[in-house]
Amino acid sequence: MKKVVNEVCRINMTVLHDDGFLSPYSPTDTPIISSDVAEFLENGANTYLPKQKIKLNIHGDCIDDDEKTVYDKAIRNYFDLKLQGMAISLRRNLIVSVIFTVIGIVGLAAMLLLDHFFNSAIWVEVVDIFAWVFVWEAVDQFFIERRKLNIEKRKYQAFTEAEIQYNN
């Protein structure tokens, strides 16, 4: 089996008209790419590993030198905003995982107390199931969802560091 880790993710994009390249809206005072361009770029990177560097080749006669600079910034700004959002999602994921773990542990402790003091098998089982659901969800959040978020983060990071070339 051949390793492809060192290969570069090459995305070729042909721009016939650059009217819709930039979004008319921006949460900051800097330009960002339109959602159509962003979707094209993200879909182009889906077949590559997240650890790979991205090389974006934009082909089009309609892009002048001034627009090239603006478009470079717009691409990087868009994915930088996505990267910032991903950092918030990762932090939220960690907090939820910790809260679920604590609830699960408290539930397991309550189950032990119920079993020791009240000897009520039905309530012990109910609390046991309640506690393990939270523990399982914490494991899912931390080990599975967090991995997905980190993969997306690496992809966005690769776009912010991408080599962008314009070809006429």
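First, a word on what this report is: a plain description of the structure on this page. The shown structure was predicted, so the numbers you read here are calculated from the model rather than taken from an experiment.

### Section: the overall build of the protein
Inference 1: Across its full length, the protein carries 3 helices and 3 strands.
Inference 2: Helices and strands in the protein line up, N terminus first, as β-α-β-α-α-β.
Inference 3: The C-alpha atoms of the protein give a radius of gyration of 24 Å, which is well past the 15 Å a tight globule of 168 residues would have.
Inference 4: Here the contacts in the protein between residues at least 6 apart in sequence split such that 83% fall between residues at least 24 apart.
Inference 5: As displayed, the protein offers around 11,100 Å² of accessible surface, 59% of which is attributable to carbon and sulfur atoms.
Inference 6: In the protein, which carries 18 positive and 23 negative side-chain charges, the distance between the mean positions of the two groups comes to 9 Å.

### Section: the pairing of strand β2 (residues 54-59)
Inference 1: Burial runs high along β2: 5 of the 6 residues are buried.
Inference 2: Looking at chain direction, strand β1 (residues 9-14) and β2 are connected through 6 bridges and run parallel. Residue pairing across strands places T14 opposite H59, the latter belonging to β2.

### Quick notes on the sheet that holds β1
Inference 1: Taken together, 3 strands build an open sheet; the order of strands is β1-β2-β3 and the sheet is parallel. The open sheet is flanked by β1 and β3 (163-167), the only strands paired with a single partner. In this sheet, neighbouring strand axes are inclined to one another by 20 degrees on average, regardless of whether the strands run parallel or antiparallel.
Inference 2: Note that β2 and β3 share 5 bridges and pair parallel. The residue of β3 that forms the bridge with K55 is E163.
Inference 3: Taken strand by strand, helix α1 (residues 35-45) contacts β1 and β2, and its axis lies near 145 degrees from that of β1.
Inference 4: Where helix α2 (residues 65-117) meets the sheet, its contacts fall on β2 and β3, and the angle it forms with β3 comes to roughly 145 degrees.

About the criteria used
- Residues numbered from 1 in each chain as written.
- Predicted model: local features only at pLDDT ≥ 70, side-chain atom pairs only at ≥ 80, totals over all residues.
- Heavy atoms only, no water.
- Helix = DSSP H or I, 4+ residues; strand = E, 2+ residues; numbered from the N terminus.
- Rg over C-alpha atoms; globule rule 2.2 N^0.38 Å.
- Contact = heavy atoms within 4.5 Å.
- Areas by Shrake-Rupley, 256 points an atom, 1.4 Å probe, with all protein chains shown as cover.
- Lys, Arg positive; Asp, Glu negative; His and termini not counted.
- Charge placed at Lys NZ, Arg CZ, Asp CG, Glu CD.
- Buried < 20%, exposed > 50% of the residue type's maximum accessible area, 1.4 Å probe, protein only.
- Pairing = 2+ DSSP bridges.
- Axes fitted to C-alpha atoms, helices over the stretch in contact; angles between N-to-C directions.

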